[in-house]
Amino acid sequence: MGKFTRAEWIQGTSALEISSLPILAQALKELEDLLILDKEPLKYTTPTAAPIKKRGNTAKSVAQEPYNRARYWTYLNDRKAGFSELYQFCFVLAKPPQGRNIDIETAIAFWSVLLSPRYPIMSNIIEFLNAKGTYKGANKDLWSMMLEFCRTVDPSLKDYEADGAWPTLLDDFVAWKKSQTTAANNADATDVEME
């Protein structure tokens, strides 16, 4: 899982103008803050050129940005699309080369990192998956619909439409969550009656 070819690595770091591991770590942290943790974005400042550096017989203007943030600014303009791109990339990254599914443990690990910080309902879904233990994998449809579910369904499930085209796993989660809520409400009512 997660193998990059040398050519892919060089292409990516060249496009971002990454010159060192600390700069790579900075770029990754800034993208995590923007796309996953939904933190306050960096403030855009018009890049100014540093003094001209001479290399041999050629002059080169060096930007003062630590790396090429063009992709960051693109994601900032449409965070939802940027996050969707990252999310879909992670499925391809985690999927075995010839496989169609991600094993459920890997999917849960990715959902914990990608979705739980943004969508509180994801923690409940992960709790359900760990409690049930019967699901083996996540296909592309489930992967995509999990994001859509988190984006559109309120954690209270009040706006969940049972006749929607959700994958079975999500229908099972809703039934489980509603039964837990009903059981908790019944226990609270019994406690009140006993007092």
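Each chain has its residues counted from 1, following the order in which its sequence is written. A pLDDT threshold of at least 70 governs which residues receive local features in this predicted model, and a stricter bar of 80 or more applies before side-chain atom pairs are shown or counted, although totals over entire chains, interfaces and linings include all residues. Side-chain measures were taken over the full set of non-hydrogen atoms in the model, leaving aside hydrogen atoms and water.

Per an unreviewed UniProt entry, the chain goes by DUF298-domain-containing protein and derives from Hygrophoropsis aurantiaca.

(A) View of the side chain of glutamate 65. Within the fold, glutamate 65 resides in the loop between β2 (58-60) and α3 (70-77). Definition of a polar contact: a pair of N or O atoms within 3.5 Å, with one able to donate and the other able to accept a hydrogen when the atoms are protein atoms, and with sequence-neighbouring residues admitted only if both atoms are side-chain atoms. Side-chain polar atoms of glutamate 65 contact the side chain of arginine 69, separated by 2.4 Å. Working rule for contacts: check all heavy atoms of both residues, and any pair within 4.5 Å makes them a contact. The contacts of glutamate 65, once residues within four sequence positions are left out, are Thr45 and Trp73. A run of H or I in DSSP becomes a helix once it reaches four residues, and a run of E becomes a strand once it reaches two; helices and strands are each numbered from the N terminus.

(B) Molecular detail of the pattern of salt bridges. Salt bridges are counted wherever a side-chain nitrogen of Lys or Arg sits within 4 Å of a carboxyl oxygen of Asp or Glu. Inspection of every chain in the model, using the stated rule, returns nine salt bridges. One salt bridge in this structure joins lysine 29 and glutamate 32, with 3.7 Å as the shortest N-O distance. Here glutamate 32 and lysine 29 lie together in helix α2 (residues 21-36), a separation of three residues that amounts to about one turn. In this structure, aspartate 38 and arginine 79 form a salt bridge, with 2.5 Å as the shortest nitrogen-oxygen distance. Placement of the pair is aspartate 38 in the loop between α2 and β1 (53-55) and arginine 79 in helix α4 (residues 79-94), with a sequence separation of 41 residues. By relative accessible area, aspartate 38 is classed as partly exposed at 44%. Classification of arginine 79 by relative accessible area gives buried; the value is 19%. Residues participating in the shared-partner salt-bridge network are Lys29, Glu32, Asp33 and Lys39. Burial here depends on accessible area, computed with a 1.4 Å probe over protein chains only, as a share of the maximum for the residue type. Under 20% is buried, over 50% is exposed, and the range in between is partly exposed.

(C) Inspection of the nonpolar core at higher detail. Nonpolar cores are built from buried Ala, Val, Leu, Ile, Met, Phe, Trp, Tyr and Cys residues. Side-chain atoms within 4.5 Å join them into one set. Ranked by size, the top nonpolar core spans 44 residues in total, and within it Trp111, Leu115, Trp143, Met146 and Phe149 carry the most contacts. Of all elements in the fold, only α2, α3, α4, α5 (104-114), α6 (121-132), α7 (140-152) and α8 (168-194) reach the threshold of two or more residues within this core. A total of seven residues in this core trace back to one element, the largest contributor, which is α7. Sequence-distant contacts of tryptophan 111, defined by excluding residues within four places in its chain, comprise Tyr87, Ile104, Ser116, Met122, Ile126, Leu129, Ala138, Leu142, Trp143 and Met146. Counting residues in hydrophobic clusters, the runner-up holds five residues, among them Ile18, Leu24, Ala27 and Tyr67.

(D) Summary view of the layout of surface pockets. Put plainly, a pocket is an open set of points on a 1 Å grid over the protein atoms alone with protein on both sides within 12 Å along at least five of seven lines, a cavity is a set where a 1.4 Å probe fits but cannot get out, and a lining residue has an atom within 4 Å of a point. Grid points are joined across faces, edges and corners, and a volume is the space filled by probe spheres set on the points. Space inside the largest pocket adds up to approximately 1,100 Å³. Along the walls of the largest pocket sit 27 residues, with Phe4, Leu28, Leu31, Leu86 and Phe89 positioned nearest its centre. Elements supplying a minimum of two residues to the lining of the largest pocket: α1 (6-15), α2, α3, α4 and α5. Broken down by element, the residue count for the lining of the largest pocket peaks at eight residues, all from α2. Residues of the lining of the largest pocket, tallied by class, amount to 18 nonpolar, four polar and five charged. Residues are grouped as follows: nonpolar covers Ala, Val, Leu, Ile, Met, Phe, Trp, Tyr, Cys and Pro; charged covers Asp, Glu, Lys and Arg; every other residue, Gly included, is treated as polar.

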